[in-house]
Amino acid sequence: MSSEVLRVSNLRKRFNDLLVIDSISFSIKSGEFFCILGPSGCGKTTLLRIIAGFEDYEGEVLLKGEKIKKPGPDRVLVFQDYALFPWRTVIGNVLFGIESKLQKREALKVAEEMLKLVGLEGFEKSYPHELSGGMKQRVALARALVCDPAILLMDEPLSALDAQTRMEMQAELVKIWQRTKKTIVYVTHSIEEAVFLADRILVLSKRPARAKALVEVKLERPRNRFDAKFTEISQKIYDLLKD
Ligand SMILES: Nc1ncnc2c1ncn2[C@@H]1O[C@H](COP(=O)(O)OP(=O)(O)OP(=O)(O)O)[C@@H](O)[C@H]1O
Ligand SMILES: [Mg+2]
């Protein structure tokens, strides 16, 4: 039985007079791939930053029953721009989160395994500038996963990639998620991406963000974007976002 990892109740967020999030509630189960979908500027990044512990808020956000008040190693954020350390090699970047916690030999072993998992075996000694966008995002993913967070928070991580690489990385991400059984909270404004990835999709309104619907995607993986059911769900979400 899967247990609840995150519970958000009556969440509100203001920046001075600007109401950005208005009374959102949802909960996320352990091992779930949860997507947050909404129009540009509606408050998605703000919602993720609240879960990460970087923002104060009104309402309640509980991680395994404990109120989130500050950032912690149980939550790791992955962004669109990778945020890799350019002066560190690939393995050096992945080692970053664990080198202070583990013995050198053990850390190296864990980092190497993680690079294998994301398909970067053989690139340990490369530097970020020598890699393609997709590869850099794999490094960022490995660096996040190596910390073994309870929740992986991803903010439009693939949106800087070209269409082809983006689709490949979506498929890759599903495989990695299946292997690691991580709980993922994934922000996107692409309907197709959300339907391809998610177990459930929280559809948000324009700012201030309100929950329009929570859509369950009951499709087998790997999913086929040209499948009639896939299109049907996409259409439903498109209609939800329209009004
Ligand atoms: N630190 C801040 N101070 C004041 N206003 C902010 C701050 N951070 C975000 N905002 C405002 O909150 C609103 C939501 O921003 P947010 O970045 O969460 O949107 P988003 O849904 O992630 O947008 P996008 O799809 O473009 O990434 C915007 O109007 C933005 O200007
Ligand atoms: Mg954003």
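As a convention, each chain's residues are numbered from 1 in the sequence order in which they are written. All chains are assigned letters beginning at A, and all ligands numbers beginning at 1, according to the order in which they are written. This being a predicted model, a pLDDT of at least 70 is required before a residue's local features are given, and a value of 80 or more before pairs of side-chain atoms are given or counted; all residues contribute to the totals for chains, interfaces and linings. Side-chain measures were taken over the full set of non-hydrogen atoms in the model, leaving aside hydrogen atoms and water.

Caption draft 1: Here's a closer look at the packing of aromatic side chains. Planes of paired rings set the category: under 30 degrees apart is stacked, over 60 is edge-to-face and the rest tilted, where pairs are Phe, Tyr or Trp rings (Trp by its six-membered ring) whose centres lie within 6.5 Å. As enumerated under the stated definition, the model contains five aromatic pairs in all. Taken together, a centroid distance of 5.2 Å and an interplanar angle of 15 degrees make the contact between Phe26 and Phe34 stacked. Phe34 shares its class with Phe26; the two are buried. Taken together, Phe33, Trp177 and Tyr186 form an aromatic cluster joined through their ring pairs. Between the NZ or CZ atom of Arg143 and the centre of the ring of Phe85, over which it lies, the distance is 5.2 Å. For the cation-ring pair, Arg225 lies above Phe196, with the distance from its terminal atom to the ring centre recorded as 4.0 Å. Think of it in three bands: with a 1.4 Å probe and only protein chains considered, a residue is buried below 20% of the maximum accessible area for its type, exposed above 50%, and partly exposed in between. We call a charge positioned above a ring when the Lys NZ or Arg CZ atom is no farther than 6 Å from the ring centre and deviates by at most 35 degrees from the ring normal.

Caption draft 2: Fine view of the pairing of strand β10 (residues 211-216). Alignment of strand β9 (residues 200-204) against β10, held across five bridges, turns out to be antiparallel. Residue pairing for β10: Val203 is matched across the bridge by Ala213. Hairpin connection of β9 to β10: six residues between the antiparallel strands. Paired strands, as defined in this entry, are two strands with at least two bridges between them according to DSSP. Secondary structure follows DSSP: runs of H or I at least 4 residues long count as helices, runs of E at least 2 residues long count as strands, and numbering of each begins at the N terminus.

Caption draft 3: Expanded view of the sheet that holds strand β3 (residues 33-37). On the basis of which strands lie adjacent, the open sheet formed by six strands has the order β6-β7-β8-β3-β9-β10 and mixed pairing. Strands at the two margins of the open sheet, each flanked by one partner only, are β6 (75-78) and β10. Geometrically, the sheet is characterised by an average inter-axis angle of 15 degrees between neighbouring strands, direction not taken into account. Contacts are residue-level and defined by heavy atoms, with any inter-residue pair within 4.5 Å sufficient. Geometry is summarised by axes, namely lines fitted to C-alpha atoms with helices restricted to the contacting stretch, and by angles between N-to-C directions that run from 0 to 180 degrees. Packing against the sheet, helix α1 (residues 44-52) makes contact with β3, β6, β7 (151-155), β8 (183-188) and β9, and its axis sits at approximately 155 degrees to β7. Of the strands in this sheet, β3, β7 and β8 touch helix α5 (residues 163-180), which is tilted by about 160 degrees from β8.

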